[in-house]
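Chain residues, written in single-letter form:
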Amino acid sequence: MAVNETVIAMLRPKPNMARLAVDPPHVQAAVDAPDGIGTIASYWSEVPLPATGTWNAPGKGGAQADLVLTAPQDQVPLLFIEVDNCHETAEELADKLEKYARFFRRKTKDTDGKERPMWRTCWTAPATWSGDATHPPVLLVFNRIGERNPNRTIPRLQELTRHLWQGQRQKGFHVYDGRIPIIATGLKNLREHGPEGPVFLRFGRDGSVVHPQLESDA
């Protein structure tokens, strides 16, 4: 259910205009809210990311994305989404991100016989100046129903995964070859503000989120 709610929060579907007059005020306010990202066809759920084996017969050691979003029309060419109900520890989440890293590093021959990252044989994303060395982003969506507070989990998770997301400092800039952009948000904030709102925290970027907490303690 949390995965479905995440899709709805990302899509930001508008209310039925014919019923607007009888809808409650908070629903009426959604008419003026920012649009969401993509359409329902932009989202795939329970997608295997094989570290070994094939797409149809994944081997051990791989991950399974809760959602994969492709919405180039909204400047989101490819985004992997993990939804956590706050039952998992930071260590368990870090292990899941390690599986993502193994998948992103995996290369295979494409239909033209050229070797490229396996993920590029299924999805497309703009080439960067460093070519295929930059990995796609992963969004962590925390749904506050479990006993674990994401505001405490995230600092520990950042430390455990620093080698996955931290860039290498060069002269005046950072290089992110072989790194994964990891982003976090809370489902409650995502519902309220939408994906265009100030609800995202990117690991390693101080001040990248307006809301100091991913989810309130209430």
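In case you missed it, the structure is sitting above this.
This text gives an overview of the structure that appears in the document. (Residues numbered from 1 in each chain as written. Predicted model: local features only at pLDDT ≥ 70, side-chain atom pairs only at ≥ 80, totals over all residues. Heavy atoms only, no water.)

### As for the overall build of the chain
Counted only if it meets this: Counting from the N terminus, the helices are DSSP H or I runs at least four residues long and the strands are E runs at least two residues long. Relative accessible area decides the class of each residue, using a 1.4 Å probe on protein chains only: under 20% of the type maximum gives buried, over 50% gives exposed, and in between gives partly exposed. Working rule for contacts: check all heavy atoms of both residues, and any pair within 4.5 Å makes them a contact. Only the protein chains shown count as cover for residues, and all accessible areas are computed by the Shrake-Rupley method using a 1.4 Å probe.
The number of helices and strands found in the chain is six helices and 10 strands. Across the 218 residues that make up the chain, the buried fraction comes to 42%. Pairs at least 24 apart in sequence give 60% of the contacts found in the chain among residues at least 6 apart. Of the accessible surface of the chain, which amounts to about 12000 Å², a share of 52% is contributed by carbon and sulfur atoms.

### Observations concerning the pattern of salt bridges
A pair can form between side chains of opposite charge whenever their charged atoms are brought close. Put simply, the rule reads: Between Lys or Arg on one side and Asp or Glu on the other, a salt bridge is scored when a side-chain nitrogen of the former is within 4 Å of a carboxyl oxygen of the latter.
Overall, the coordinates contain eight salt bridges when judged by the stated rule. Across the pair Asp 95 and Lys 99 runs a salt bridge whose closest N-O atoms are separated by 3.9 Å. A residue pair is termed a helical-turn pair when its members lie 3 or 4 positions apart in one helix, as Asp 95 and Lys 99 do in helix α3 (residues 90–105) at four residues. Residue classification places Lys 99 among the partly exposed residues on the basis of a relative accessible area of 25%. Between Arg 116 and Asp 112 there is a salt bridge whose closest N-O contact spans 3.1 Å. Looking at Asp 112, the relative accessible area reads 44%, which means it is partly exposed. In the salt-bridge network here, residues are joined through shared partners; they are Glu 82, Glu 88 and Lys 96.

### Focus: the nonpolar core
This is how it is decided: Among buried residues, those of type Ala, Val, Leu, Ile, Met, Phe, Trp, Tyr and Cys that are joined through side-chain atoms within 4.5 Å constitute a nonpolar core.
Among the nonpolar cores identified, the biggest contains 31 residues, and Leu 49, Phe 80, Trp 123, Leu 140 and Leu 157 are the most heavily contacted of them. Here this core gets eight residues from one element, more than from any other, and that element is α3. Here Leu 49 is in contact with Gly 62, Ala 63, Gln 64, Ala 65, Phe 80, Tyr 100, Phe 103 and Trp 123, once residues within four sequence places are set aside. In this structure, Val 7, Val 76, Val 141 and Leu 190 belong to the second largest nonpolar core, which totals 21 residues.

### A word on the packing of aromatic side chains
To keep things clear, this is the line we draw: Any pair of Phe, Tyr and Trp rings, taking the six-membered ring for Trp, is counted once the centres come within 6.5 Å. Such a pair is stacked with planes under 30 degrees apart, edge-to-face with planes over 60 apart, and tilted for the rest.
Under the defined criterion, the tally for this structure stands at eight aromatic pairs. Here Trp 55 and Phe 103 contribute two aromatic rings whose centre-to-centre distance is 5.8 Å and whose plane-to-plane angle is 75°, an arrangement assigned as edge-to-face. Pair noted here: Trp 55 is in the loop between β1 (43–49) and β2 (63–71) and Phe 103 is in helix α3, with a separation of 48 residues, a long-range link. What makes Trp 55 partly exposed here is its relative accessible area of 26%. On the numbers, 5.4 Å between centres and 65° between planes, the contact of Phe 80 with Phe 104 is edge-to-face. Of this pair, Phe 80 sits in strand β3 (residues 76–84) while Phe 104 sits in helix α3, placing them 24 residues apart in sequence. On the basis of relative accessible area, Phe 104 is assigned to the buried category, the value being 2%.

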